[in-house]
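Each chain, written out:
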Amino acid sequence: LLPSRVRSANLVSPYAPSVSTSVSAPAFLKEPSLSVSGPTTIDQCALLNLKASSDSPRPPDFAWRCLNHPGLDSALRAISTSQVDLPAGTPEMTDVDFTYEISVTATDMFGSVSKEVVVKVLKGAAAAPQLYFQPASVSVTRDQLVEVRAVTMFSQCTSAKSEMLFQWTQVSGPTEIPAEHLGAIAQLRIPPATLQADAAYVVALTVIMKDDASKQSS
């Protein structure tokens, strides 16, 4: 600490003498948690916004990659912040009717690295509503409510607007989720004590434009 520069806030004590100290990293490093939110389907007119969130007390460094497309991979490697923003039309994503596998990791101030999170984004040739989830994933105890909200946006490729139809389905899990909890609305709500403890469940949502069933996302 700097000599003759530190004293109590109420100015009662004299300035502290010069002292030295050392700061070490914790003996056991906690791996940062990481989740990603953003759309799973876009069309040729949409922008792409992906946001990574971590529980690190200080903003970590993020490393973005594309695992199956060199052009997008080159663009993502230049990003070290929590957010990916590609402009309308996503010129970096040159292939259509193609599913891009985008990965991200977070490195905290002590050098601890999170597990890699991979999100898949389909860029379709046909106009389709944009869909993403809040939150993208959820971890709860068995006695807690599971609540996920789907957010949709009309395609910018067409001026057509119509009612959106929703349908949740179960993809995997050790037990069957009762059908009454997989409704036809934008929100998924599963009551406490419904899911098995220490287990992972995956659900999917399909969104269809009522006036044109060919325009859908999932």
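Computed from a prediction, not measured in an experiment: that's the story for all the values here.

A few words on the pairing of strand β4 (residues 61-66). With burial as the criterion, only one face of β4 is covered, namely that bearing F62, W64 and C66; the residues D61, A63 and R65 on the opposite face remain uncovered. In this structure, β4 lies alongside strand β6 (residues 98-107), joined through six bridges in antiparallel fashion. What sits directly across from F62, in β6, is A106.

Another aspect to go through is the nonpolar core. In terms of nonpolar packing, the biggest core is built from 22 residues, with L48, L50, W64, L72, L76, M93 and I102 touching the most fellow members. Only β1 (34-37), β3 (48-54), β4, α1 (70-76), β5 (83-86), β6 and β7 (117-123) provide two or more residues apiece to this core. The leading source of residues in this core is β6, at four residues. Other than its neighbours up to four places away in sequence, L50 contacts V36, S37, G38, P39, W64, S82, Q83, V84, I102 and V119. In this structure, I190, L195, L205 and V207 belong to the second largest nonpolar core, which totals 17 residues.

With that settled, the discussion passes to the sheet that holds β1. Taken in spatial order, the three strands of this open sheet run β1-β3-β5, and their pairing is antiparallel. The sheet is open, and its two edges are formed by β1 and β5, each paired on a single side. On average, adjacent strands in this sheet sit at an angle of 15° to one another, irrespective of strand direction. Looking at chain direction, β3 and β5 are connected through four bridges and run antiparallel. Bridge pairing links K51 to Q83 in β5.

Calculation notes
Residues numbered from 1 in each chain as written. Predicted model: local features only at pLDDT ≥ 70, side-chain atom pairs only at ≥ 80, totals over all residues. Heavy atoms only, no water. Buried < 20%, exposed > 50% of the residue type's maximum accessible area, 1.4 Å probe, protein only. Helix = DSSP H or I, 4+ residues; strand = E, 2+ residues; numbered from the N terminus. Pairing = 2+ DSSP bridges. Core = buried A, V, L, I, M, F, W, Y, C linked by side-chain atoms within 4.5 Å. Contact = heavy atoms within 4.5 Å. Axes fitted to C-alpha atoms, helices over the stretch in contact; angles between N-to-C directions.

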